[in-house]
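Overview (structure and organization)
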Amino acid sequence: LTGRMLALCGIVLSILFGVAATIRPVLLQELLLRQGDDFSQRWLEMLSEGQVEQALKYVDSEALLRMAPRDAQGKPIHGENLQTDISNTFQKDPFVQDMLSLGELVTFRLYDGAILPSKNSYQRRSDLVYEVTSKLSEADDASRFVLLGLQKSRIAHGTEPAWSVRHWKIADSISALSNAP
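Sequence positions are assigned chain by chain, starting from 1 and proceeding in written order. Only residues with pLDDT of 70 or above have their local features reported here, since the model is predicted, and side-chain atom pairs are shown and tallied only from 80 upward, although totals for entire chains, interfaces and linings are computed over all residues. Side-chain metrics in this entry use all non-hydrogen atoms of the structure; hydrogen atoms and water are not considered.

So, the overall build of the protein
Put simply, the test is: Counting from the N terminus, the helices are DSSP H or I runs at least four residues long and the strands are E runs at least two residues long. Residue burial is assigned from relative accessible area. The probe radius is 1.4 Å, only protein chains are included, and a residue is buried under 20% of its type maximum, exposed over 50%, and partly exposed in between. We call two residues contacting when some pair of their heavy atoms lies within 4.5 Å.
Helix and strand counts for the protein stand at five helices and four strands. Each helix (α) and strand (β) of the protein, taken in turn from the N terminus, gives the series α-α-α-α-α-β-β-β-β. Taken over 181 residues, the protein has a buried fraction of 33%. Look at the contacts in the protein between residues 6 or more apart in sequence, and 57% of them connect residues 24 or more apart.

What follows is the structure, given as structure tokens:
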């Protein structure tokens, strides 16, 4: 009787661990998608509400470096006005200008396609696509689409993961987003 119970317990445990191993990646992907969507919604709202400096705080370091002024050889210039220069470049970015022009009367809806590339133990990356519509216009042709490249990284063991924006693009169609970085 004891041997049979142990055997049954072993079978049940092997089934549970097998199911858990199968479900874990799907649950992780869904969790990343929801967290990324929450972060993206807040970031896009910051821009559309004119909080450009606040939104800039969530742009990752590589994207900030791409906005830095360049010397004649194309190398970034690290001067005392670097933060101001990057801020000015960000505010003049066509994407930021488009978000500012939309104003607060806009909605951002996660489009059906969210791409979640492979992950490693230190970072998670995802590209999320949003349909952007004005609350003043119900016309289907008034929609635009935004692609946001996100990164989620752990600063240190046990701390809350931090989301940042790696790249962005706005277009009038999904197909126009296909050549984004």
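Moving on, there is more to tell.
Re helix α1 (residues 2–48)
Threshold: Helices are assigned an expected span. That span is 1.5 Å times one less than the residue count. Think of it this way: the bend at a residue is just the angle between two axes, each fitted to seven residues, one set ending at that residue and the other starting at it.
Taking 1.5 Å of rise per residue, the 47 residues of α1 would be expected to cover 69 Å, and the 67 Å separating its terminal C-alpha atoms lies within 8% of that figure. Helix geometry: α1 is bent most strongly at Ile23, by close to 35 degrees, with proline Pro25 lying one to four residues after it. One or two steps after α1, the chain reaches Gly50, where phi turns positive at roughly 85 degrees.

Let's talk about the side chain of Glu131
Just so we agree on the cut-off: Counting of polar contacts relies on pairs of N or O atoms within 3.5 Å, with two restrictions inside protein: one atom must be capable of donating a hydrogen and the other of accepting it, and residues adjacent in sequence are counted only when both atoms are side-chain atoms.
Considering the arrangement of structural elements, one finds Glu131 in strand β2 (residues 123–134). When its relative accessible area of 16% is taken as the criterion, Glu131 is described as buried. A polar atom in the side chain of Glu131 sits 2.2 Å from the side chain of Arg109. Ignoring any residue separated from it by four or fewer positions in sequence, one finds Glu131 in contact with Thr107, Phe108, Arg109, Tyr111, Ser143, Arg144 and Phe145.

Side note on the environment of Gln91
Tracing the backbone shows Gln91 in helix α4 (residues 82–92). On a C-alpha basis, the gap between Gln91 and Glu53 in space is 8.5 Å, while along the polypeptide they are 38 residues apart. Discounting chain neighbours no more than four positions away, the residues touching Gln91 are Val52, Glu53, Val96 and Gln97. Among the polar contacts made by the side chain of Gln91, one reaches the side chain of Glu53 at a distance of 2.9 Å.

Regarding α4
Note the cut-off: To be clear, the arc concerns the directions from the helix axis to the C-beta atoms.
Burial in α4 covers these residues: Ile86, Ser87 and Phe90. Projected down its long axis, α4 carries its buried residues within an arc of 100 degrees, all on one side. In this structure, the buried residues of α4 make contact with α1, α2 (52–56), α3 (61–67), α5 (94–102) and β4 (162–171).

Some remarks on the pairing of strand β3 (residues 144–153)
Put simply, side chains in a regular strand alternate between the two faces of the sheet. For clarity, the cut-off: For two strands to count as paired, DSSP must find a minimum of two bridges between them.
With eight of 10 residues buried, β3 lies mostly within the body of the structure. Where β3 meets β4, nine bridges bridge the pair, whose relative direction is antiparallel. Bridging across to β4, Leu150 finds its partner in Val165.

Quick word on the pattern of salt bridges
As a reminder, the rule being used: One speaks of a salt bridge when a side-chain nitrogen belonging to Lys or Arg is within 4 Å of a carboxyl oxygen belonging to Asp or Glu.
Following the criterion strictly, the structure yields four salt bridges and no others. One salt bridge in this structure joins Arg109 and Glu131, with 2.2 Å as the shortest N-O distance. Taken as a pair, Arg109 in strand β1 (residues 106–115) and Glu131 in strand β2 lie far apart in primary sequence, 22 residues in all. By relative accessible area, Arg109 is classed as partly exposed at 43%. Between Asp172 and Arg144 there is a salt bridge, with the nearest N and O atoms lying 2.9 Å from each other. One end of the pair, Asp172, is in the segment after β4; the other, Arg144, is in strand β3, and 28 residues separate them in sequence. Of the residues examined, Asp172 reaches a relative accessible area of 57% and is grouped as exposed. Linked by salt bridges that have partners in common, Asp98, Arg144 and Asp172 make up one network.

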